Amino acid sequence: MFNSSAMCRQQAAHHRQVAAATLLEKVRTIALAAASAWDIQAGEAEAREAGKQDMLSAEDAAIALEFQREDEEEAAIRANDRLGEADFNPLRQP
C-alpha cells in the first residue's frame, strides 16, 4: 500500500513545523531530514498518481534485484541438494 502525495506533503509540513518550533538543534536536524524524506515520497506518489503505477526508485529497484538474486541462488542450492539426496541411498546394493 502506498501513501498518497497529499498525506506525504502533510507529513513534510508537520516535520518542518516541528523543526521551526524547537530550540534543540538535534531535533531540528532530524525533523528537517524527515521532511526531506517525506518530500521524496511525495514526488514518487505524485508520479504513481499520474499513471506511472509500477515505478520504482533506483534504490527500491536495486533492493528488489538483490532479493531476486538471493531467491535464485537459494533455489539453485535446493535443487543441487535434492540431486545429491537422489544419489545417496544407504540401502542400495553396490
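Worth saying up front: this structure is predicted, and the values here are computed from it rather than measured.

(A) Spotlight on the packing of helix H1 (residues 5–21) against helix H2 (residues 25–49). Where H1 contacts H2, the two axes come as close as 8 Å, and the packing angle between them is 165°. In terms of their interaxial angle, H1 and H2 are classed as roughly antiparallel. Where H1 crosses over H2, the two elements pack in a sense that is left-handed. For the contact of H1 with H2, the class distribution of residues is 13 nonpolar, 5 polar and 6 charged.

(B) Structural detail: H1. Spanning 17 residues, H1 covers 24 Å between terminal C-alpha atoms, matching the ideal 24 Å at 1.5 Å per step. Looking at H1, one finds that the buried residues are Ser5, Cys8, Ala12, His15 and Ala19. The buried residues of H1 all sit within an arc of 90° when viewed along its axis, so they share a single face. Along H1, exposed side chains directed more than 90 degrees from the buried face belong to Ala6, Gln10, Gln17, Ala20 and Ala21. Contacts from the buried residues of H1 go to H2.

Parameters at a glance
Residues numbered from 1 in each chain as written. Predicted model: local features only at pLDDT ≥ 70, side-chain atom pairs only at ≥ 80, totals over all residues. Heavy atoms only, no water. Axes fitted to C-alpha atoms, helices over the stretch in contact; angles between N-to-C directions. Helix = DSSP H or I, 4+ residues; strand = E, 2+ residues; numbered from the N terminus. Parallel < 35°, antiparallel > 145°, perpendicular 65-115°, else oblique. Left-handed = near helix turned anticlockwise from the far one by under 90°. Nonpolar A, V, L, I, M, F, W, Y, C, P; charged D, E, K, R; others polar. Expected span 1.5 Å × (residues − 1). Buried < 20%, exposed > 50% of the residue type's maximum accessible area, 1.4 Å probe, protein only. Arc of directions from axis to C-beta. Contact = heavy atoms within 4.5 Å.

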